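# Results of the structural survey
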Amino acid sequence: MSNKPHSLKQLALQKFKTNFWGVFSFYFIVLAGVISVFAYAFAPDNSQHANQMHLSIHSKKPGFKVEILTLPSQIETNQSVFNKLFFGRKNSDTEIPISEFKEENDVLTYTEYASDGLQGVNKSINTNVFPNNSASSFIKEKTFYFGTDKYGRDLLSRVLVGARISFFIGFVAVFISLIIGIFMGSVAGYFGGKIDAFIMWVINVTWSIPTLLLVIAITLALGKGFWQVFIAVGLTMWVEVARVVRGQIISAKEMQYVTAARALGFNDFRIISKHILPNIMAPVIVISAANFAAAILIESGLSFLGIGAQPPMASWGAMIKDHYNYIILGKPYLAIIPGLCIMSLVMAFMLIGNALRDALDVRGVKG
């Protein structure tokens, strides 16, 4: 007796598991999601927005090491563990890169770091500003694995924290596009007639406007900011979902199970939501994966233009904007690293979209 799964879900899952790039992309996206949520737990600089600046060590190469003197602040920052984990540490301490130091007779003498062979400024400070009058525990060597940006911020930390915007804009934009697109497409496809003609007119008008220009217009209307970009991108992506849903419902509403549901006296809302939509979600899931990738690219483009996430927020698009001129100044990694991050995440969603398309085409699976 055969033990092969016969349900469509099992067949689709079985086929998806055999797609190496689909499975690889799935785990890559899960990893990106975990990093996005817990970015401050992974980032070496866990200050809010990873915005700790050290101008004396700006634009340093990956692997750069320097000793950092931390001068504790008298300002109390009451932060819960939850707040610190998800929103970053409110850092009121002063961090100073130093090249050498000496502690004697309750006085700490240090030389500030200076690049290009210059001599740093010598300064002294009384050790009573440190707990237990010990300054040595407040001097630690720090490694910048991805180097530093033009403001002396840790590039690795900025990349990790910047993943949050690129990742979550996909979720919010796709969620908004699904709500609007499924509603508009369902109404147009199921009822037809003048309702269908009007909704298709709205879809075609929206479709004819270049996506980036429409997003810019909505963003300017709502104002610059974090959530405004999320909403603006979502409001421009619903048309593709609506067209797919409309076409699927036009085909599905003539099926026998819909006729049977009408004969049983079910209302239109129940027929659409309980009977038709569950049977046409396969292409919607595939297009959602593509929309996720498109949302990341659009947000990066907006941030590059300066109307996306605003400073000091870390955003991959804004990081490229800040450092694209360094490509010809001998430090291309400052723009290439965030560019590779965008490319990797977008490619992962496109690959998983292709894998889902193949897996959900269960007609190609032999039971």
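The structure under discussion appears in the preceding block.
This text gives an overview of the structure that appears in the document. (Residues numbered from 1 in each chain as written. Predicted model: local features only at pLDDT ≥ 70, side-chain atom pairs only at ≥ 80, totals over all residues. Heavy atoms only, no water.)

Right, let's get into a nonpolar patch on the surface. Residues Leu 212, Phe 304, Leu 305, Tyr 324, Ile 327, Ile 328 and Leu 329 make up a contiguous nonpolar surface patch of about 730 Å² in total accessible area. Examined against the element boundaries, Phe 304 turns out to sit in helix α12 (residues 281–305). When its relative accessible area of 35% is taken as the criterion, Phe 304 is described as partly exposed. (Patch = residues over 30% accessible without salt bridge, like charges linked within 9 Å, V, L, I, M, F, W, Y side chains within 5 Å. Areas by Shrake-Rupley, 256 points an atom, 1.4 Å probe, with all protein chains shown as cover. Salt bridge = Lys/Arg side-chain N within 4 Å of Asp/Glu carboxyl O. Helix = DSSP H or I, 4+ residues; strand = E, 2+ residues; numbered from the N terminus. Buried < 20%, exposed > 50% of the residue type's maximum accessible area, 1.4 Å probe, protein only.)

Moving on, we get to the sheet that holds strand β2 (residues 94–104). Working definition: the strands of a sheet are paired by backbone hydrogen bonds and lie parallel or antiparallel to each other. With antiparallel pairing, 5 strands are arranged side by side in an open sheet as β4-β3-β2-β1-β5. Looking along the sheet, the strands with just one partner apiece sit at the ends: β4 (122–126) and β5 (139–144). Going across the sheet, the axis of each strand differs from the next one's by a mean of 50°, ignoring polarity. By the bridge criterion, 6 bridges tie β2 to strand β3 (residues 107–112) in an arrangement that is antiparallel. Its bridge partner lying in β3, Phe 101 is registered against Tyr 110. (Pairing = 2+ DSSP bridges. Axes fitted to C-alpha atoms, helices over the stretch in contact; angles between N-to-C directions.)

With that settled, the discussion passes to the pattern of salt bridges. Opposite charge on two side chains permits them to pair, given that their charged atoms come into close proximity. Applying the stated criterion across every chain yields a total of 5 salt bridges. Lys 123 is the salt-bridge partner of Glu 112, the closest N and O atoms lying 3.0 Å from each other. Residue Glu 112 is located in strand β3, and its partner Lys 123 is located in strand β4; the two are separated by 11 residues in the primary sequence. Of the charged contacts, one joins Asp 196 and Arg 246 as a salt bridge, the two residues approaching to 2.6 Å between their closest N and O atoms. Of this pair, Asp 196 sits in helix α6 (residues 193–208) while Arg 246 sits in helix α9 (residues 238–252); the two residues are 50 residues apart in sequence, bridging distant segments of the chain.

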